[in-house]
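Survey of secondary and tertiary structure
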Amino acid sequence: MKIRKAIITVAGFGTRFLPVTKAQPKSMLPLVDKPIVQYLVEEAVKAGIEQIIFVTGKGKRSIEDHFDSHFELEYLLEQKGKEEALAQVRGIADMAEFFFVRQRYARGNGDAILATRSFIGDEPCAVLFEDDIVASEVPAIQQLIQVYNKYQDPVIALTRVPHDEVSKYGIIEGTEMGTRLFEINQFVEKPKPTETQSDLAVIGKYIITPQIFDELERLKGSVKGELGLDNAFIELLKTKSLYGYEIEGKRYDCGDKLGYIQAMIDFSLKHPEIGEGVKKHIQQL
Ligand code: G1P
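All of the points below concern the structure found in this document. Just so it is clear, the model here is predicted, and its values are computed rather than measured.

A few points about the overall build of the chain
- For the chain, the count of helices and strands is 11 helices and 13 strands.
- The C-alpha atoms of the chain give a radius of gyration of 19 Å, which matches the 19 Å a tight globule of 285 residues would have.
- The principal-axis extent of the C-alpha atoms belonging to the chain is close to 60 × 45 × 40 Å.
- When the 285 residues of the chain are sorted by exposure, 49% land in the buried category.
- Split by element, the accessible area of the chain, about 14800 Å² in all, is 50% carbon and sulfur.

Here we look at the side chain of Lys60
- Within the secondary structure, Lys60 is located in the loop between β4 (51–56) and α2 (61–66).
- At 5.2 Å, Glu130 is the nearest oppositely charged side chain to Lys60, a buried residue that forms no salt bridge.
- Among the polar contacts listed, one links the side chain of Lys60 to the backbone oxygen of Gly12, at a separation of 2.6 Å.
- Once residues within four sequence positions are removed from consideration, Lys60 is found in contact with Val10, Ala11, Gly12 and Pro25.

What to know about the site of the ligand
- Around the ligand, the neighbouring residues are Asn109, Phe129, Asp132, Tyr169, Gly170, Glu189, Lys190, Val202, Ile203 and Gly204.
- A distance of 2.8 Å separates an oxygen atom of the ligand from a polar side-chain atom of Asp132.
- Here an oxygen atom of the ligand and a backbone polar atom of Gly170 are 2.9 Å apart.
- Alone, the ligand offers 380 Å² of accessible surface; in the complex the protein occludes 78% of this.
- For the shell around the ligand, the per-class residue count stands at four nonpolar, three polar and three charged.

Focus on the nonpolar core
- Ranked by internal contacts, the top residues of the largest apolar core, which has 47 residues, are Ile8, Leu31, Ile52, Phe54 and Ile207.
- For Leu31, the contacting residues outside a window of four places in its chain are Ile36, Tyr39, Ile133, Cys254, Tyr260, Ala263, Met264 and Phe267.
- One finds Leu114, Val127, Ile212 and Leu236 within the second-largest nonpolar core, a separate group that totals 32 residues.

Considerations on the environment of Gly178
- If you trace the backbone, Gly178 turns up in strand β9 (residues 170–178).
- Once the C-alpha coordinates of Gly178 and Tyr245 are considered, the two residues, 67 residues apart in sequence, prove to be 9.7 Å apart.

Here we look at a positive patch on the surface
- A cluster of basic residues, Lys58, Arg61, Arg102, Arg104, Arg107 and Lys220, forms a positive patch at the surface.
- The exposure class assigned to Arg104 is exposed, which follows from its relative accessible area of 67%.

Observations concerning the environment of Val89
- Counting through the fold element by element, Val89 comes out in helix α4 (residues 83–94).
- Sequence separation of Val89 and His70 is 19 residues, and the distance between their C-alpha atoms is 7.9 Å.
- Residue contacts for Val89: discarding those within four places in its chain leaves Leu73, Glu74 and Leu77.

Examining a nonpolar patch on the surface
- A contiguous nonpolar patch, built from Ile261, Ile265, Leu269, Ile282 and Leu285 and spanning about 450 Å² of accessible area, is present on the exposed surface.
- At three residues, helix α10 (residues 257–270) tops the list of elements feeding residues into the nonpolar patch.

Quick notes on the packing of helix α8 (residues 210–220) against helix α9 (residues 229–236)
- Where α8 contacts α9, the axes come no closer than 9 Å and their chain directions differ by 110 degrees. One way to sum up the angle between α8 and α9 is to call them roughly perpendicular. Taking contact as the criterion, the partners of Gln211, Ile212, Glu215, Leu216 and Leu219 in α8 are, on α9, Leu229, Asn231, Ala232, Phe233, Glu235 and Leu236.
- Across the contact of α8 with α9, the residue classes tally to seven nonpolar, two polar and two charged.

Rules used throughout
Residues numbered from 1 in each chain as written. Predicted model: local features only at pLDDT ≥ 70, side-chain atom pairs only at ≥ 80, totals over all residues. Heavy atoms only, no water. Helix = DSSP H or I, 4+ residues; strand = E, 2+ residues; numbered from the N terminus. Rg over C-alpha atoms; globule rule 2.2 N^0.38 Å. Buried < 20%, exposed > 50% of the residue type's maximum accessible area, 1.4 Å probe, protein only. Areas by Shrake-Rupley, 256 points an atom, 1.4 Å probe, with all protein chains shown as cover. Lys, Arg positive; Asp, Glu negative; His and termini not counted. Salt bridge = Lys/Arg side-chain N within 4 Å of Asp/Glu carboxyl O. Polar contact = N/O pair within 3.5 Å; in protein donor to acceptor, adjacent residues only side chain to side chain. Contact = heavy atoms within 4.5 Å. Near = heavy atom within 4 Å. Nonpolar A, V, L, I, M, F, W, Y, C, P; charged D, E, K, R; others polar. Core = buried A, V, L, I, M, F, W, Y, C linked by side-chain atoms within 4.5 Å. Patch = residues over 30% accessible without salt bridge, like charges linked within 9 Å, V, L, I, M, F, W, Y side chains within 5 Å. Charge placed at Lys NZ, Arg CZ, Asp CG, Glu CD. Axes fitted to C-alpha atoms, helices over the stretch in contact; angles between N-to-C directions. Parallel < 35°, antiparallel > 145°, perpendicular 65-115°, else oblique.

Below, the structure is given as structure tokens:
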């Protein structure tokens, strides 16, 4: 079945990024002139996604406004003859069909995914976590869709990380099936470096199938603390094949100050309007 829908989770508190995230969503922080969440939407749309559901929460209304039309601003830009800006502003709302659901309590990313169940229905879909931005030729989520189209099983985005950082990630062990492609044998969420030999880390991009919702529903009552998507993958692995694909491209953790600044530097160097100026500035440092 064609992947038409994507879930983008934007309900996080952004605690690693305080105080700037106290009263604004972390996914609305800019990378040069577009908020992080717009890069995720563009990634999904380039990969053929038509409908996007955001899992939001308290204090996230600016995300809804960003993907809506803005009559006053459009009128003003029209009056002033600012056609390029007008096209940009209008284009954002036209990129896809947008839907919003609120996660009432911060009960984990699995709980957030579960909130979209009746919207997603009985079809496979893409999932994009708000922190992970990948700069690549082929959109990262499209790379996963290509694997899904071949195997029709869930697919998880992977990247190699330094071994002393494995405890920040879901880590998989797998059998290499081809270039960058793994059939997953084991999934451990945030292991200590001594608990795994692997350095293949999960990044927040996935293709999930309806069975994941069944697992999440089943686990909901029994998991202590937060319900993670990882919990569902670990369960599903007992009976089904899961695939991992080492993404081609450069990944940035934009939920982290350093990762965000790295993304900002790289994206501004590539920006057609300011790239040269930024380069000169850095050379003079
Ligand atoms: C989540 C996932 C983890 C993954 C990470 C990637 O963790 O649970 O498996 O490696 O995203 O960004 P979080 O960073 O939300 O704690």
